[in-house]
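# Summary of structural features
Spelled out, the chains give:
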Amino acid sequence: MMRSQILSAVLLALLAWAAAMPPALAQQVPLQDKPFAEHKIVLQLSDGDARKQALVLSVANNLLKAYDPDKVAIEIVAFGPGIDLLFTGSERRKQVESLIAQGVRFDICLNTVDTIERETGKRPEFIPAATPVQVGVGQILFLAENGYTVVRP
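What comes next concerns the included structure. What you see is a predicted model, and the numbers here were worked out from it, not measured in a lab.

What follows concerns the sheet that holds strand β4 (residues 131-133). Overall, parallel pairing links the five strands, which are arranged β4-β3-β2-β1-β5 in an open sheet. Looking at the sheet topology across the chains shown, the edges are occupied by β4 and β5 (149-151). With strand direction ignored, the average angle separating the axes of adjacent strands in the sheet is 25°. When strand β1 (residues 39-45) meets strand β2 (residues 72-78), the two strands line up parallel, connected through seven bridges. Within β2, the position partnered with Lys40 by the bridge is Ala73.

Pasting the structure below:
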């Protein structure tokens, strides 16, 4: 009887400790190293529609043209159907890689990747330059809490 009470107390303490820890803290990727950025924008991409994906890429391009690339931090977070843009076979792969070369960061939600793997039995391959994040919406929240303006084109 005493042993089960001690075990219950230990389990309760562990649960309380786990609940007090910020769950997404270890899952976030570091902020971009853009010390001169005057503007910080996160573009949400949660739509598989080709026109909306093209719009997100266009917005990122326009921001790079409007501001010096060193003066703007742009992060595109793809989750749900939006991750299609970051698959290795994407029609827009060259555009994505061009934006990455100009300092735009593309985050891909691993929860979505895991769901696709669970449903299809095959893990989708995505562009190696994409930054994996565990929770796409969590990444957006993290960026918003760190001064990024959230835009959903």
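Among the five residues in strand β3 (residues 105-109), five count as buried, and that is most of the element. Here β3 shows no split at all, with Arg105, Asp107 and Cys109 on one side and Phe106 and Ile108 on the other all buried. For β2 and β3, the ladder comprises four bridges, and the chain directions are parallel. Looking across to β3, one finds that Ala78 is bridged to Ile108. Handedness of the crossover joining β2 and β3 through helix α3 (residues 93-101) is recorded here as right-handed. Relative to β4, β3 is paired through three bridges, and the arrangement is parallel. Of the residues in β4, the one forming a bridge with Cys109 is Val133. The β-α-β motif built from β3, the intervening helix α4 (residues 110-120) and the parallel element β4 has right-handed crossover chirality.

Tracing the backbone shows Gln32 in the loop between α1 (2-20) and β1. There is a polar contact of 2.9 Å between the side chain of Gln32 and the backbone oxygen of Ile74. Setting aside residues up to four positions removed in sequence, Gln32 forms contacts with Ala73, Ile74, Glu75, Gly103, Arg105 and Tyr148.

What follows covers helix α2 (residues 50-66). At 3.6 residues per turn, the α-helix brings residues three or four places apart onto the same side. End to end, α2 covers 24 Å across 17 residues, agreeing with the expected 24 Å (1.5 Å per residue, within 8%). What α2 keeps buried is the set Gln53, Val56, Leu57, Ala60, Leu63 and Leu64. For α2, the angular spread of the buried residues around the axis is 120°, confining them to a single face. Seen from the open side of α2, the exposed residues pointing more than 90 degrees away from its buried face are Arg51, Lys65 and Ala66. Taken together, the buried residues of α2 touch β1, β2, α3 and β3.

Right, let's get into the pairing of β2. By the criterion of burial, β2 is predominantly enclosed, with seven of the seven residues buried. Burial along β2 is two-sided: the face carrying Val72, Ile74, Ile76 and Ala78 and the face carrying Ala73, Glu75 and Val77 are both buried.

What counts and what doesn't
Residues numbered from 1 in each chain as written. Predicted model: local features only at pLDDT ≥ 70, side-chain atom pairs only at ≥ 80, totals over all residues. Heavy atoms only, no water. Pairing = 2+ DSSP bridges. Helix = DSSP H or I, 4+ residues; strand = E, 2+ residues; numbered from the N terminus. Axes fitted to C-alpha atoms, helices over the stretch in contact; angles between N-to-C directions. Buried < 20%, exposed > 50% of the residue type's maximum accessible area, 1.4 Å probe, protein only. Right-handed = clockwise from strand over helix to strand, strands pointing away. Polar contact = N/O pair within 3.5 Å; in protein donor to acceptor, adjacent residues only side chain to side chain. Contact = heavy atoms within 4.5 Å. Expected span 1.5 Å × (residues − 1). Arc of directions from axis to C-beta.

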